[in-house]
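Observations on chain architecture
Each chain is listed here by its residues.
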Amino acid sequence: MDIELRLLRSFVALHEVGSVSRAAERMACTQAAMSMRLKQIETEIGAPLFLRHPGGLVPTPRGTTLYSHAVAVLSAYDEMLTQVRTRPQRDRLRLGMPDDYALGWLPGLIADLGPAFERLEIELVCDLSANLVAAIDRRDIDLALVTTDSPPARTRTTVELPLVWLTSGTATGPEVTLAAYPAACVFRNAMTRTLDAAGLSWRVGVQSRGQAGIFAAVRSGRVVSAVVAGTGPGDLTEIASAPGRPAQPPGPQPRVLSEGATRRTERAATALADRLLSRTRP
């Protein structure tokens, strides 16, 4: 009996995701090809490795035994290649986060990784949270830090963070003028709800889909905005509250998401998420 590594990796993917379609996505092949690979390996083994149920694949006892050995074999194989390669193998991590999170947290986050960073290749995608959630659903990125009103699918970890006002220190007047992201933005909703609850008049003076536009508007001295504490640029002022600027409730909640990653990338994503959350807990 001689089982190809490709078949073994396909079996491991099937065991871990419990679905032919999702395993095919992970292995970058068609569902028909994945079904054929499963048939081939079951033929080699001489017994069924999964039971088919409406909810997905359930491993048989023989499938569970094979999985434990397959993971060990593939780990040993990968380790062998790592040791003999002249160029070290690196874990590719496709990471998504909004611009302001990248500005406030990414430098320290990379520094915190220490020697582990030498094994990482990070592909950073900065975008609005809604777009990053869609990118997770398309498997375009492995890990995202987003801010949403409700937990998206595949939420891995949540943490509440303080929300503060961002100002140049000169904005005054009876009406609070805001620089805000589009209407669905959590930060925008938090500002307007806080001002409404305090009975204060407000208007959106500048709307931008990008962080650079928001920060540039605040620098004018005519508008204020909201950010997670610690993510504002150094030349602007973060304040929890002030006359005409009532304190905003805790939140929003960044959510770390991951789906469809390889085992190696999954380990890197988990380590990165742990470091990020340790830095951002108030």
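The model shown is predicted, which means the values in this text are computed figures rather than measured ones.

Observations concerning the overall build of the chain
Within the chain, the regular secondary structure consists of 9 helices and 12 strands. Expressed as a percentage of its 282 residues, the buried residues of the chain come to 43%. For the chain, restricting intrachain contacts to residue pairs at least 6 apart in sequence, the fraction spanning at least 24 positions comes to 74%.

Examining the pattern of salt bridges
Between side chains of opposite charge, pairing is possible as soon as their charged atoms come close. The full count for this structure, using the stated rule, is 7 salt bridges. A salt bridge links Glu42 to Arg52; its shortest N-O distance comes to 3.6 Å. Pair noted here: Glu42 is in helix α3 (residues 31-45) and Arg52 is in strand β1 (residues 50-53), with a separation of 10 residues, a long-range link. Glu42 gets classed as buried once you look at its relative accessible area, which sits at 15%. Across the pair Arg219 and Asp235 runs a salt bridge whose closest N-O atoms are separated by 2.6 Å.

As for helix α7 (residues 186-197)
With 12 residues, α7 extends 16 Å between its outermost C-alpha atoms, agreeing within 8% with the 16 Å of an ideal straight helix rising 1.5 Å per residue. The inward-facing, buried residues of α7 abut α5 (99-113), β5 (143-147), β7 (163-167), β8 (176-180), β9 (202-207) and β10 (225-228). Gly199 sits one or two residues past α7 and shows a positive phi near 70°.

Topic: the nonpolar core
Core analysis: the largest hydrophobic core is formed by 38 residues, its most contacted members being Met97, Tyr101, Leu178, Phe187 and Val228. Ranked by residues supplied to this core, first place goes to α5 with 6 residues.

Structural notes on the layout of surface pockets
If you add up the space inside the second largest pocket, you get close to 450 Å³. What lines the second largest pocket is a set of 23 residues, among which Leu128, Ser129, Ala130, Thr147 and Cys185 lie closest to the centre. For the lining of the second largest pocket, the secondary structure elements donating two or more residues are α5, α6 (129-137) and α7. Broken down by element, the residue count for the lining of the second largest pocket peaks at 4 residues, all from α6. Looking at the lining of the second largest pocket residue by residue, the classes come out as 13 nonpolar, 5 polar and 5 charged.

Details of the packing of aromatic side chains
Any two aromatic rings considered together are summarised by their centre-to-centre distance and by the angle between their planes. Summed over all chains, the structure comprises 1 aromatic pair. Summarising the aromatic geometry, the rings of Phe11 and Phe50 are spaced 5.6 Å apart at their centres and angled 45° between planes, so their arrangement reads as tilted. Note that Phe11 is positioned in helix α1 (residues 5-17) and Phe50 in strand β1, a separation of 39 residues in sequence. When sorted by exposure, Phe11 lands in the same class as Phe50, which is buried.

Let's talk about the confidence of the model for the chain
Residues at a pLDDT of 70 or more form 86% of the chain, whose mean pLDDT is 83. Element-level mean pLDDT values for the chain span from 66 in helix α9 (residues 263-280) up to 94 in β9.

Notes on the sheet that holds β7
Across the sheet, which stays open at both edges, the 3 strands sit in the order β10-β7-β11 with antiparallel pairing between neighbours. Where the open sheet ends on each side, the last strands, each with one partner, are β10 and β11 (237-239). The mean inter-strand angle of the sheet, taken between neighbouring strand axes irrespective of direction, is 45°. Two strands pair when backbone bridges link them, and β7 and β11 are joined in this way by 3 bridges, in the antiparallel orientation. Within the sheet, the bridge partner assigned to Thr167 lies in β11 and is Thr237.

Observations regarding unusual backbone geometry
Although it is not a glycine, Ala28 sits at a positive phi angle of roughly 55°. By the element assignment, Ala28 lies in the loop between α2 (20-27) and α3. Judged by relative accessible area, Ala28 falls into the exposed class, the value being 73%.

Criteria and thresholds
- Residues numbered from 1 in each chain as written.
- Predicted model: local features only at pLDDT ≥ 70, side-chain atom pairs only at ≥ 80, totals over all residues.
- Heavy atoms only, no water.
- Helix = DSSP H or I, 4+ residues; strand = E, 2+ residues; numbered from the N terminus.
- Buried < 20%, exposed > 50% of the residue type's maximum accessible area, 1.4 Å probe, protein only.
- Contact = heavy atoms within 4.5 Å.
- Salt bridge = Lys/Arg side-chain N within 4 Å of Asp/Glu carboxyl O.
- Expected span 1.5 Å × (residues − 1).
- Core = buried A, V, L, I, M, F, W, Y, C linked by side-chain atoms within 4.5 Å.
- 1 Å grid on protein atoms, 1.4 Å probe; cavity = no way out; pocket = protein on both sides within 12 Å on 5 of 7 lines; lining within 4 Å.
- Points joined across faces, edges and corners; volume = space filled by probe spheres on them.
- Nonpolar A, V, L, I, M, F, W, Y, C, P; charged D, E, K, R; others polar.
- Phe/Tyr/Trp six-rings, centres within 6.5 Å; stacked < 30°, edge-to-face > 60°.
- pLDDT = per-residue confidence, 0-100.
- Pairing = 2+ DSSP bridges.
- Axes fitted to C-alpha atoms, helices over the stretch in contact; angles between N-to-C directions.

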